[in-house]
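What follows is each chain in one-letter form.
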Amino acid sequence: MFEGKTILTGVKPTGTPHLGNYLGAIRPAIQLGKQALATGGKHFMFIADYHAINAEKDPVVLREKLREIACIYLAGGLDPTKSVFYRQSDIPEIPEITTILYAYTPKGLMNKSHAYKAQVDKNRESGKPDDDGINMGLYTYPTLMAADILAYDTDIVPVGKDQVQHVEIARDIAGAINAHYHRELLKQPEYYVDEHVAVVPGVDGRKMSKSYGNVIPLFEDDKTIKKAIFSIKTDSRPMEEPKNPDEILVYEIYKAIATPQQLQEMGDGLRQGKLGYGHIKNMLLDAVINEIKDAREKYNYYMAHFNEVEDMLAQGAEKARPYAKKTLERLKNAVFGNE
Ligand code: TRP
């Protein structure tokens, strides 16, 4: 379904990605981009730093997060000579397009946006006024995101479920503008949610999330990863007691990373009472290290040579801008009657 299409992925430089993000979102996004590129399509991959400033005000933190994210994507196999890899804030046409889109963005649509509503709900729960701590950047978040998408005539936006609504908003805004001017000024994008990607539970069995403190870190040293893996919840049953692998968290996490054969081996060992928790944790550890070690080396290299990454991002922006310029021009001509 991605053959010859234009795929666009955006990522907000907040938080430090963990193994779950890497296996469940980052690597699949790079893969989809590759699929499109291999069949004559295009892949735009950018870091949404304007979106990040709504919540993060510390420039030192912002810079560090941007560095991490950029290096993680490169380490994960993104090829910046093929994918257009850039920083949102390097494309000044994006905020210009956003301004035009505002005129076609019903306020009611923003009221319904999840990101904003979640904050209002939080405020209500803690007895604060609805708008407490909400800035206009958060409120209008989906319009900027629509500009990100529409600027490049994007066909498909791969997203997690939480972002589906935002892509629909981009569709709606584009649809409203096209209807008003009786032609296809903007391409209406589709979202794509991959139902088959790995969902990696955290070490306590809940969803892996930094806010739960249950993550397996990504490109840390072996010792740190080992510590996380050995903290995975188990029980006190002895090794000899046959166990149902599906009830065992280490096995659940292993599923996201092991080959079918490896998985079979762990499953059999548990069912037959031949593998204890120490054994299976070591199996998982080996699989994780094996999975990330080449990428980790690349990651460490890019983190230490970030000037090279800066150059890649600058070149990416150069490639991206002409597309955004063309879209902006098309919009301005229509809106102001310059044709
Ligand atoms: N809102 C996305 C997120 O939080 C990031 C993002 C910004 C994005 N602009 C985008 C994603 C455009 C896809 C397309 O994850």
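What counts, and at which threshold
- For every chain, the first residue of its written sequence is number 1, and the numbers climb from 1 along that sequence.
- Residue-level local features of this predicted model are given only where pLDDT is at least 70; pairs of side-chain atoms are given and counted only at 80 or more, and the full residue set underlies all totals for whole chains, interfaces and linings.
- Calculated side-chain values reflect all of the structure's heavy atoms, with hydrogen atoms and water omitted.
- Any residue with a non-hydrogen atom lying within 4 Å of a molecule or strand is treated as near it.
- Any pair of N or O atoms that falls within 3.5 Å is considered a polar contact. Within protein, one atom must be able to donate a hydrogen and the other to accept it, and sequence-neighbouring residues count only if both atoms are side-chain atoms.
- Note on areas: these come from Shrake-Rupley sampling with a 1.4 Å probe, and a residue is covered only by the protein chains present in the view.
- Definition of nonpolar core: a set of buried residues of the types Ala, Val, Leu, Ile, Met, Phe, Trp, Tyr and Cys, connected through side-chain atoms within 4.5 Å.
- Note on exposure labels: buried denotes an accessible area under 20% of the residue type's maximum, exposed denotes more than 50%, and partly exposed covers the range between, all computed with a 1.4 Å probe on protein chains only.
- Elements are defined by DSSP. Helices are runs of H or I of four residues or more, strands are runs of E of two residues or more, and each kind is numbered from the N terminus.
- Here the bounds of each domain stem from an automatic or database domain assignment.
- Contact criterion: two residues are considered in contact whenever any of their non-hydrogen atoms come within 4.5 Å of each other.
- Two parts placed together each lose some accessible area; with a 1.4 Å probe, that loss summed over both constitutes the buried area.
- Throughout this description, the term salt bridge denotes a Lys or Arg side-chain nitrogen within 4 Å of a carboxyl oxygen of Asp or Glu.
- Note that Gly is not counted as nonpolar here; it falls among the polar residues with everything else outside the nonpolar set of Ala, Val, Leu, Ile, Met, Phe, Trp, Tyr, Cys and Pro and the charged set of Asp, Glu, Lys and Arg.
- Multiplying one less than the number of residues by 1.5 Å gives the expected span of a helix.
- Axes are fitted to the seven residues ending at a residue and to the seven starting at it; the angle between these axes is taken as the bend at that residue.
- Here an angle of 0 to 180 degrees is reported between the N-to-C directions of two axes, which are lines fitted to C-alpha atoms, with helices fitted over the stretch in contact.
- In these notes the angle categories are as follows: under 35 degrees is roughly parallel, over 145 is roughly antiparallel, 65 to 115 is roughly perpendicular, and the rest is oblique.
- We call Phe, Tyr and Trp rings a pair once their centres come within 6.5 Å, taking the six-membered ring for Trp, and we label the pair stacked below 30 degrees between planes, edge-to-face above 60, and tilted otherwise.
- By definition here, charges over rings are those cases where NZ of Lys or CZ of Arg is within 6 Å of the ring centre and within 35 degrees of the ring normal.

Caption draft 1: Representation of the site of the ligand within the structure. Contacts to the ligand come from Leu-8, Gly-10, Lys-12, Phe-46, Ala-48, His-51, Tyr-141, Met-145, Asp-148, Ile-149, Val-157 and Gln-163. Within the side chain of Tyr-141, one N or O atom sits 2.7 Å away from a nitrogen atom of the ligand. One of the side-chain N or O atoms of Asp-148 is found 2.7 Å from a nitrogen atom in the ligand. A total of 360 Å² of accessible area belongs to the ligand in isolation, and the protein chains cover 89% of it.

Caption draft 2: Up close: the nonpolar core. By size, the foremost hydrophobic cluster in this structure holds 56 residues, and its most contacted members are Phe-219, Tyr-254, Ile-280 and Leu-284. Breaking this core down by element, the ones donating at least two residues are helix H1 (19–38), strand E2 (42–47), helix H3 (59–75), helix H10 (222–230), helix H11 (249–255), helix H12 (260–271), helix H13 (277–304) and helix H14 (306–336). At 13 residues, H13 tops the list of elements feeding residues into this core. Here this core gathers at least three residues from each of two domains, domain 1 (6–199 + 305–335) and domain 2 (210–299). When neighbours within four sequence positions are excluded, Leu-284 is seen to be in contact with Ile-229, Ile-232, Val-250, Ile-253, Tyr-254, Ile-257 and Met-266. Phe-46, Val-157, Val-167 and Val-193 belong to the second-largest nonpolar core, a separate cluster that totals 47 residues.

Caption draft 3: Broad picture of the domain arrangement of the chain. Partitioning the chain into domains gives domain 1 (6–199 + 305–335) and domain 2 (210–299). Placing a centre on the C-alpha atoms of domain 1 and another on those of domain 2 gives a separation of 34 Å. Taken together, the contacts link 13 residues of domain 1 with 14 residues of domain 2. Summed over both sides, the interface of domain 1 with domain 2 buries roughly 1200 Å², with 71% coming from carbon and sulfur. A salt bridge links Glu-291 to Arg-27, with the nearest nitrogen and oxygen atoms 2.5 Å apart. Of all the secondary structure elements, the ones that give two or more residues to the side of domain 1 that touches domain 2 are H1 and H3. Here the side of domain 1 that touches domain 2 gets five residues from one element, more than from any other, and that element is H3. When the residues that make up the side of domain 1 that touches domain 2 are grouped by side-chain class, the tally is nine nonpolar, two polar and two charged.

Caption draft 4: Geometry of H1. Its 20 residues give H1 an end-to-end C-alpha distance of 27 Å, which sits within 8% of 28 Å, the value for a rise of 1.5 Å per residue. Along its length, H1 shows its largest kink, about 30°, at Ile-26, and proline Pro-28 lies within four residues downstream of that point. Those residues of H1 not exposed but buried are Leu-19, Gly-20, Tyr-22, Leu-23, Gly-24, Ile-26, Pro-28, Ala-29, Ile-30, Leu-32, Gly-33 and Ala-36. Where H1 terminates, the next one or two residues include Gly-40, which has phi positive at roughly 85°.

Caption draft 5: Representation of the pattern of salt bridges. Within the structure shown, the criterion is met by 18 salt bridges. Linked by salt bridges that have partners in common, Arg-63, Arg-87, Asp-90 and Glu-310 make up one network.

Caption draft 6: Looking closely at the packing of H3 against H14. Contact geometry for H3 and H14: axes closest at 11 Å, N-to-C directions at 80°. The angle between H3 and H14 falls in the class roughly perpendicular. Residue-level contacts link Arg-63, Leu-66, Arg-67, Ala-70, Cys-71 and Leu-74 of H3 to Phe-306, Val-309, Glu-310 and Met-312 of H14. Looking at the contact of H3 with H14, its residues break down into seven nonpolar, no polar and three charged.

Caption draft 7: Expanded view of the packing of aromatic side chains. Tallied over the full model, the rule gives 10 aromatic pairs. A centroid spacing of 5.2 Å and a plane angle of 90° characterise the contact between Phe-44 and Tyr-323, whose relative ring orientation is edge-to-face. In this pair, Phe-44 is assigned in strand E2 and Tyr-323 in helix H14, connecting sequence segments 279 residues apart. Taking the centre distance of 4.7 Å and the plane angle of 75° together, the rings of Tyr-116 and Tyr-139 count as edge-to-face. Taken as a pair, Tyr-116 in helix H6 (residues 114–125) and Tyr-139 in helix H7 (residues 136–139) lie far apart in primary sequence, 23 residues in all. Above the ring of Tyr-277, the side-chain terminus of Lys-243 is found at 5.4 Å from the ring centroid.

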